[in-house]
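Spelled out, the chains give:
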10 protein chains.
Amino acid sequence: MIETLPNRFSGREYEVELADPEFTSVCPLTGAPDFGTITIRYVPGEKLLELRSLRDFLVSFRAREILQEEVVNEVLDEVVASASPVRAEVEGVFNVRGGMTTRVVAQT
Amino acid sequence: MIETLPNRFSGREYEVELADPEFTSVCPLTGAPDFGTITIRYVPGEKLLELRSLRDFLVSFRAREILQEEVVNEVLDEVVASASPVRAEVEGVFNVRGGMTTRVVAQT
Amino acid sequence: MIETLPNRFSGREYEVELADPEFTSVCPLTGAPDFGTITIRYVPGEKLLELRSLRDFLVSFRAREILQEEVVNEVLDEVVASASPVRAEVEGVFNVRGGMTTRVVAQT
Amino acid sequence: MIETLPNRFSGREYEVELADPEFTSVCPLTGAPDFGTITIRYVPGEKLLELRSLRDFLVSFRAREILQEEVVNEVLDEVVASASPVRAEVEGVFNVRGGMTTRVVAQT
Amino acid sequence: MIETLPNRFSGREYEVELADPEFTSVCPLTGAPDFGTITIRYVPGEKLLELRSLRDFLVSFRAREILQEEVVNEVLDEVVASASPVRAEVEGVFNVRGGMTTRVVAQT
Amino acid sequence: MIETLPNRFSGREYEVELADPEFTSVCPLTGAPDFGTITIRYVPGEKLLELRSLRDFLVSFRAREILQEEVVNEVLDEVVASASPVRAEVEGVFNVRGGMTTRVVAQT
Amino acid sequence: MIETLPNRFSGREYEVELADPEFTSVCPLTGAPDFGTITIRYVPGEKLLELRSLRDFLVSFRAREILQEEVVNEVLDEVVASASPVRAEVEGVFNVRGGMTTRVVAQT
Amino acid sequence: MIETLPNRFSGREYEVELADPEFTSVCPLTGAPDFGTITIRYVPGEKLLELRSLRDFLVSFRAREILQEEVVNEVLDEVVASASPVRAEVEGVFNVRGGMTTRVVAQT
Amino acid sequence: MIETLPNRFSGREYEVELADPEFTSVCPLTGAPDFGTITIRYVPGEKLLELRSLRDFLVSFRAREILQEEVVNEVLDEVVASASPVRAEVEGVFNVRGGMTTRVVAQT
Amino acid sequence: MIETLPNRFSGREYEVELADPEFTSVCPLTGAPDFGTITIRYVPGEKLLELRSLRDFLVSFRAREILQEEVVNEVLDEVVASASPVRAEVEGVFNVRGGMTTRVVAQT
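Cut-off values and rules
- Sequence order as written defines the numbering, with residues in each chain counted from 1.
- A letter from A marks each chain and a number from 1 marks each ligand, given out in the order of writing.
- Reporting of local features is limited, given that this is a predicted model, to residues whose pLDDT is at least 70; pairs of side-chain atoms are given and counted only at 80 or more, and all residues count toward the totals for whole chains, interfaces and linings.
- Excluding hydrogens and water, the side-chain figures rest on all heavy atoms present in the structure.
- Secondary structure elements are defined from DSSP: runs of H or I of at least 4 residues count as helices, runs of E of at least 2 residues count as strands, and each element is numbered from the N terminus.
- Throughout, the radius of gyration refers to the C-alpha atoms, and the reference size of a globule is 2.2 Å times the residue count to the power 0.38.
- Burial classes: relative accessible area under 20% of the type maximum marks a residue as buried, over 50% as exposed, and values in between as partly exposed (1.4 Å probe, protein chains only).
- Any pair of residues with heavy atoms lying within 4.5 Å of one another is described as a contacting pair.
- To measure how exposed things are, a 1.4 Å probe is used in the Shrake-Rupley method; for residues, cover is taken only from the protein chains shown.
- Under the counting rule used here, the positive set is Lys and Arg, the negative set is Asp and Glu, and His together with the chain ends is not counted.
- To locate a charge, take atom NZ for lysine, CZ for arginine, CG for aspartate or CD for glutamate.
- Least squares is the method for superposing the copies, and the C-alpha atoms it fits come from residues with pLDDT of at least 70 in both.
- When two parts are put together, the accessible area they lose, computed with a 1.4 Å probe and summed over both, is reported as buried area.
- One side-chain nitrogen of Lys or Arg within 4 Å of one carboxyl oxygen of Asp or Glu is enough to make a salt bridge.
- For the purposes of these results, a polar contact is taken to be a pair of N or O atoms within 3.5 Å, where, inside protein, one atom must be able to donate a hydrogen and its partner to accept one; residues adjacent in sequence count only when each atom of the pair is a side-chain atom.
- All residues other than Ala, Val, Leu, Ile, Met, Phe, Trp, Tyr, Cys, Pro, Asp, Glu, Lys and Arg, Gly among them, are scored as polar; the first ten of these are nonpolar and the last four charged.
- We treat two strands as partners when DSSP finds at least two bridges between them.
- Between rings of Phe, Tyr and Trp, where Trp is taken as its six-membered ring, a pair exists when centres lie within 6.5 Å; planes separated by under 30 degrees are stacked, by over 60 edge-to-face, and by other angles tilted.
- Disulfides are defined as pairs of cysteine sulfur atoms found within 2.5 Å of each other.
- Helix span is expected to be 1.5 Å times the residue number reduced by one.
- On a range of 0 to 100, pLDDT expresses the predictor's confidence in each residue.

1. Focus: the overall build of chain A
- When helices and strands are tallied, chain A shows two helices and six strands.
- Ordered by position from N to C terminus, the α and β elements of chain A give β-β-β-β-α-α-β-β.
- In terms of overall dimensions, chain A is globule-like: its C-alpha atoms have a radius of gyration of 14 Å, near the 13 Å expected for 108 residues.
- Projecting the C-alpha coordinates of chain A onto the three principal axes gives extents of approximately 45 × 20 × 20 Å.
- Across the 108 residues of chain A, 60% fall into the buried class.
- For chain A, the share of sequence-separated contacts (at least 6 apart) that also reach a separation of at least 24 residues comes to 64%.
- Element-wise, carbon and sulfur atoms account for 50% of the exposed surface of chain A, whose accessible area totals about 4,200 Å².
- Positive and negative side-chain charges in chain A, numbering 11 and 18 respectively, have mean positions lying 5 Å apart.

2. Points about the relation of the copies chain E and chain I
- When chain E is fitted to chain I, the best match, at an RMSD of 0.0 Å, comes from turning it 180 degrees and sliding it 0.0 Å along the axis. Both copies are brought into coincidence by an operation consistent with a two-fold rotation axis.
- Comparing contact sets, 100% of the residues at the interface of chain E also lie at the interface in chain I, consistent with an isologous, same-surface contact.

3. Quick look at the interface of chain A and chain E
- With 20 residues of chain A in contact, the opposing surface of chain E contributes 20 residues.
- Of the roughly 1,800 Å² buried between chain A and chain E on both sides combined, carbon and sulfur atoms contribute 54%.
- Between chain A and chain E we count five salt bridges in total.
- Its salt-bridge partner being Glu70 of chain E, residue Arg8 of chain A comes within 3.2 Å of it at the nearest N-O pair.
- Counting the contacts that link chain A with chain E gives seven residue pairs in polar contact (both at pLDDT 80 or more).
- Across the side of chain A that touches chain E, the residue classes tally to 11 nonpolar, no polar and nine charged.
- Alignment of strand S2 (residues 15-26) of chain A against strand S6 (residues 100-107) of chain E, held across five bridges, turns out to be antiparallel. Along S6 of chain E, the bridge assignment pairs Ala19 of chain A with Thr101 of chain E.

4. Overview of the interface of chain E and chain I
- Across the boundary between the two partners, chain E contributes 11 residues, which contact 11 residues of chain I.
- Approximately 930 Å² of surface area, both sides summed, lies buried where chain E meets chain I, with 46% of it carried by carbon and sulfur atoms.
- Considering only the surface of chain E that becomes buried against chain I, Glu22, Phe35 and Arg62 of chain E emerge as the three largest contributors, covering 66% of it.
- Summed over the shared surface of chain E and chain I, the result is two salt bridges.
- Here Arg97 of chain I and Glu22 of chain E are joined by a salt bridge, their closest N and O atoms 2.9 Å apart.
- At the surface where chain E touches chain I, the tally comes to seven residue pairs in polar contact (both at pLDDT 80 or more).
- Sorting the residues of the side of chain E that touches chain I by element identifies strand S2 (15-26), strand S3 (33-43), helix H1 (51-59) and strand S5 (87-97) of chain E as the ones contributing at least two each.
- Per element, the largest residue contribution to the side of chain E that touches chain I is four residues, and it comes from S2 of chain E.
- Grouping the amino acids of the side of chain E that touches chain I by side-chain chemistry returns four nonpolar, three polar and four charged.

5. Structural notes on the packing of aromatic side chains
- This model, assessed by the stated rule, comprises 35 aromatic pairs over all chains.
- Taking the centre distance of 5.5 Å and the plane angle of 80 degrees together, the rings of Phe57 of chain C and Phe61 of chain C count as edge-to-face.
- What makes Phe57 of chain C buried here is its relative accessible area of 17%.
- Through successive ring pairs, a cluster of aromatic residues spans Phe23, Phe57, Phe61 and Phe94 of chain A.

6. Points about the relation of the copies chain A and chain E
- Superposing chain A onto chain E takes a rotation of 72 degrees combined with a translation of 0.0 Å along the rotation axis, leaving an RMSD of 0.0 Å. The transformation relating the two chain copies, once decomposed into turn and shift, fits a five-fold axis. Within chain A, Val93 of chain A has its C-alpha nearest the rotation axis, a separation of 17 Å.

7. Focus on the environment of Ser82 of chain I
Residue and element names in this part refer to chain I.
- By the element assignment, Ser82 lies in helix H2 (residues 68-83).
- Overall, the relative accessible area of 3% leaves Ser82 in the buried class.
- Taking the C-alpha atoms as reference, Ser82 lies 8.8 Å from Lys47; in sequence the two are 35 residues apart.

8. Here we look at the pattern of salt bridges
- Throughout the structure, instances matching the rule amount to 150 salt bridges over all chains.
- Its salt-bridge partner being Glu15 of chain H, residue Arg103 of chain F comes within 3.7 Å of it at the nearest N-O pair. Here Arg103 of chain F is found in strand S6 (residues 100-107), whereas its partner Glu15 of chain H is found in strand S2 (residues 15-26) on a different chain.
- According to the relative accessible area criterion, Glu15 of chain H is partly exposed, its value standing at 29%.

9. Here we look at the side chain of Thr102 of chain E
- By the element assignment, Thr102 of chain E lies in strand S6.
- The residues contacting Thr102 of chain E, other than those within four sequence positions of it, are Val16, Glu17, Leu18 and Leu51 of chain A together with Gln68, Gly92, Val93 and Phe94 of chain E.

10. What to know about the state of the cysteines
- Considering all chains together, one arrives at zero disulfides over all chains under this definition.
- A disulfide-free cysteine, Cys27 of chain E has its sulfur positioned 20 Å from the sulfur of Cys27 of chain J, the nearest such atom.
- Cys27 of chain E gets classed as buried once you look at its relative accessible area, which sits at 13%.

11. Describing unusual backbone geometry
All names here are of chain C.
- Backbone geometry at Ser84 places phi at a positive 40 degrees, although glycine is not the residue there.
- Inspection of the secondary structure assignment puts Ser84 in the loop between helix H2 (68-83) and strand S5 (87-97).
- On the basis of relative accessible area, Ser84 is assigned to the partly exposed category, the value being 47%.

12. Remarks on the pairing of strand S2 (residues 15-26) of chain F
Residues and elements named next belong to chain F.
- The buried count for S2 comes to 10 of 12 residues, which makes it a mostly enclosed element.
- Of the strand pairs in this sheet, S2 and strand S3 (residues 33-43) are connected by nine bridges, and their pairing is antiparallel. Residue pairing across strands places Glu17 opposite Arg41, the latter belonging to S3.
- Here S2 hands over to S3 after six residues, with Gly31 in that stretch at a positive phi of 75 degrees.

13. Concerning H2 of chain I
Residues and elements named next belong to chain I.
- Between its first and last C-alpha atoms H2 spans 23 Å; for 16 residues at 1.5 Å apiece the expected length is 22 Å, and the two agree.
- Across the 16 residues of H2, 12 count as buried, placing the element largely inside the fold.
- Looking only at H2, the buried set comprises Gln68, Glu69, Glu70, Val71, Val72, Asn73, Val75, Leu76, Glu78, Val79, Ser82 and Ala83.
- Of the residues flanking the end of H2, it is Ser84, one or two places downstream, whose phi is positive at about 40 degrees.

14. With respect to the pairing of strand S6 (residues 100-107) of chain C
All names here are of chain C.
- Where S5 and S6 come together, seven bridges link them in antiparallel fashion. Bridging from a neighbouring strand, Arg97 pairs with Met100 of S6.
- Where S5 folds back onto S6 in an antiparallel hairpin, the turn is made up of two residues, including Gly98, whose phi is positive at roughly 60 degrees.

15. Digging into the confidence of the model for chain A
- On average, residues of chain A score 95 in pLDDT, and 100% of them reach the 70 mark or higher.
- On the interface metric, ipTM, the complex scores 0.92, and its pTM is 0.94.

16. What to know about the environment of Glu50 of chain F
- Among the secondary structure elements, Glu50 of chain F is positioned in the loop between strand S4 (47-49) and helix H1 (51-59).
- The class for Glu50 of chain F is buried, based on a relative accessible area of 13%.
- Each C-alpha atom of the pair Glu50 of chain F and Glu3 of chain F lies 5.6 Å from the other, and the pair is 47 residues apart in sequence.
- Once you skip the residues sitting within four places of it in the chain, Glu50 of chain F turns out to touch Ile2, Glu3, Thr4 and Leu5 of chain F together with Leu29 of chain G.
- In this structure the side chain of Glu50 of chain F is engaged in a polar contact, spanning 2.8 Å, whose partner is the backbone nitrogen of Ser53 of chain F.

17. So, the environment of Gly92 of chain F
Residue and element names in this part refer to chain F.
- Structurally, Gly92 is set in strand S5 (residues 87-97).
- The buried category is assigned to Gly92, whose relative accessible area is 0%.
- Along the backbone, Gly92 and Asn73 are 19 residues apart, and their C-alpha atoms lie at a distance of 9.6 Å.
- Residues within four places of Gly92 in sequence aside, it is in contact with Thr37, Ile38, Val72, Thr102, Arg103 and Val104.

Pasting the structure below:
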């Protein structure tokens, strides 16, 4: 679980965007490393995602074999489970592999 | 046919964007090579497009004589036939030819 | 008239954008040359604009004295008369003259 | 009054954008010069703004002490009075002053 | 309270955007300085925010320990209390911390 | 001949660079227009190149059929004949033709 | 004269670069305003140029009719007279006038 | 052999730079297409490289299996054999392959 | 003193560049905060500058009233005293103040 | 050892530059991942570095705890041992850590 902080302004619906431009995981088909930027956008409820804990969660993919489409959906599930946001979106933009780039966006 | 992988998150409507900045075909009017970027955006159903197979399909245009407007429409038809996406869009942005650039966008 | 090619995919409503970054005409007020980029966006009906013929049409303004606002409207009229598109838009972005830039957009 | 030219295409509703990246006036609070870009967007009625006359009008602010918010509103009033456009918008983007930038947008 | 100036054009609904690219405060969790850009967008009522006074207000965060999400909400509260705008929005874009960037947007 | 102005600071060896980003001539092999940027760098002797006269000289290439390599050398010859500079350099950077760009630099 | 501050590190030969991106004067040939960036680079002797006084000196050109080549040489003369630098260079980069840009560099 | 044109200014040592941003060949190790930009810089002797013929020569690599390092050296050899330049340099900048980019420069 | 680490490769003369894009101090003339980027380039001797300790040293300027020219020279003195490099250079690039930017470079 | 290919043009002294924008290792002081771009420039002797083998060598740092200064020197040593180049240089540009960026360059 990603740790959270109390949201002092939970009475107002506002947006927070957190981006990790240093995401890396491993491609399950080729065994080669994947690199990209993961961006999380959410409207907080009672909780704010704690930055350092979120970072540790994202670093935990470093040795995992997982498809890029699955990375984005798993991060979204974890954000929802940890912080119960009003709404959330996760976007992954991945570097060129075999001459092609990939971008994936999922929302609650 | 472009090969596919099973979509583990088919219960969620999310978007995938795949871009090939190294597309090349041959102009049927002049015989000169055309160059451009082909971008595919789709909401997957039960299947995900497999990146390497998609790449091979796009490389297969390398020796074909075909209008730029037709490239974009043919790619869209193939994506739909192979992966039965919820919806799909294909965009082609082509380099200067005779002092002019071309951009074509087609959607299901 | 701008020449046309048959549209093999006329059953699908898709967009084509053609840009000429090397447009030049002559200002009727000062006699000095004007420079700019003319961009044509259209949804083709039964016909596609042929690139070389379109280019020749745009080069024909090289020696004409005409206001920038009129260039954009005349090009739109010619595109409509030649290709009978479902809809069309012409945009002209012109270089600094007397310290000011001009942009004109007209649609059917 | 800004001079005008007759609009040969007044039967079509289209947009014209004129930008002056060299606007300068004087701050009434500090006496220091202000710099910025003034952009005018309008749908012409029977008249087109004449570029040189518009430029002279904007240069006339060079020695005036006036707030940036007031510049944008005065230019909009003058454009409307001179050319009776179908609709108009004026935007001013001003350089850093005291470590802060300003942008003002007003519409009819 | 941020000082204000009378709005000579209060009869027209227009937008003002003020940006401070040199905002800095202190992170309450690590004690390290945070840096970012605070942008205020508002439709003025009877009052305009005075630039120098706004700047002083933002500089007053220089030694405060406060979460980035809280900075944006506090600035919005102060703008509303000082200038009673028709509507207002505050956006904070903060530099990389622990490999991640943050962006927060709150509106009335 | 390009007109000149007296150089008030001829006792100091300093550099002047004048650039025309709107140069156009005609290709003698294809009859199609060429476009590019001509940049003149020189250390003035007793004379400064007059900007408007230089501009008229460059506009005079608009209808001439001439190779890009020859444009640059002819402009250099004319600059030397008109202003007798201490030294001079002319650079031409030309737009894509047949998928290729050209840059030519000549010095006294 | 531009005011100066004592140079605490006059025993070390180091470089200072001061740039004013908001320089404006008046063209003596056309009466139209000129705009540009003036950059001063110098190795200080016993004195440092005081920023506010330098700024006031540069603003004093706002109403003067003077050639761009002369601006750069006059600023260099004033810098030398005021601060007796070990060496100095002044560069002026001016906006498009009649479709051409100008850059002037003078050194001691 | 690349065709040539006579150099009207062979008495002056000047530089010509020709760039092809659409170079493509085939990797001999993987069979996958390579893409890059080939830039030729030379000081002409009695002959100028003819642009269209040079382009045809570069397009002839489209189906060849050849290392990127060898492409650059072969182009240099052909330029020297065809135009006998005073001196010449060829640079190839190639797109990412397996997560890495390549740049090769060879000179006479 | 800035802490150091042993240089495992002291037998080879190589260069290290460390940049802090978040430097801030206080102007002694106006009391307003200054912002800029400090870049340190050095050839290490037996010691490498430890990044966290260097950062703490630079953060210590946050509340100091000091001229920008003096910041650069003081940082250079401290780098030399702490790490005894073979040679070192410090560059400060500071944000606009009163419409002007400053850059200072000092070397051993 | 990095594998090599024979250099068909070893008789000519030319330069090859290979860049890996996806380098990652682990900081020995904090245990956090480091990210950066490693660029290798060399003049080949009898051997060319094989791209895939070089890539595997660089990926082997993914789990190693090593200072950034040491990465660059170790890569240089390995390039020299594997390919015996005429000369070689390695540059590492690393992402922000604790608000600071690092760049290291070492040469034979």
